[in-house]
Amino acid sequence: MTSCSHSTLTLLPQQKNRLRCRHCHLTIKKEDLAQDFCPECYEMQGEKRNDFEEVECPDATETRYRCETCGAIIKGE
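The structure reproduced in this document is the subject of the present report. (Residues numbered from 1 in each chain as written. Predicted model: local features only at pLDDT ≥ 70, side-chain atom pairs only at ≥ 80, totals over all residues. Heavy atoms only, no water.)

The next subject is the sheet that holds strand S3 (residues 27–29). An order of S3-S2-S4 is seen for the three strands of this open sheet, with the pairing classed as antiparallel. Both outer strands of the open sheet, S3 and strand S4 (52–55), are each paired with one neighbouring strand and no more. Put simply, the sheet's adjacent strands are angled 35° from each other on average, direction ignored. Relative to S3, strand S2 (residues 18–21) is paired through three bridges, and the arrangement is antiparallel. If you follow Arg 20 over to S3, its bridge partner there is Thr 27. (Pairing = 2+ DSSP bridges. Helix = DSSP H or I, 4+ residues; strand = E, 2+ residues; numbered from the N terminus. Axes fitted to C-alpha atoms, helices over the stretch in contact; angles between N-to-C directions.)

Despite not being glycine, His 6 shows a phi value in the positive range, around 50°. Locating His 6 in the fold gives a position in the segment before strand S1 (9–11). What makes His 6 partly exposed here is its relative accessible area of 26%. One non-glycine residue, His 25, adopts positive backbone phi at about 70°. In this structure His 25 comes out as exposed when scored by relative accessible area, which is 52%. (Buried < 20%, exposed > 50% of the residue type's maximum accessible area, 1.4 Å probe, protein only.)

It is worth spelling out the environment of Asp 32 at this point. Residue position: Asp 32 is located in the loop between S3 and helix H1 (39–45). Take Asp 32: its relative accessible area is 47%, and that puts it in the partly exposed class. For Asp 32 and Gln 45, which are 13 residues apart along the polypeptide, the C-alpha to C-alpha distance reads 20 Å.

So this is what it looks like as structure tokens:
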């Protein structure tokens with residue numbers, strides 16, 4: 001247990017759903033996907049695979065804060 005009072009909090013952005021490659025299982029944000037294919041499959045095997053499934057973040061609607069003093073993640077109510 002920490003003795004921090006968590007007096008300086010920063011609101012963290014809400015997590016969004018991600019895409020997971022059906023071949024190598026890389027999980028990536030849609031906006032981080034530069035091309036229309038999996039960068040991991042392309043780098044490792046030289047194949048441009050674009051077979052993704054959407055993965056839901058379990059706490060996508062939950063408000064979260066980070067304490068600037070100790071780095072703890074605090075869930076809002």
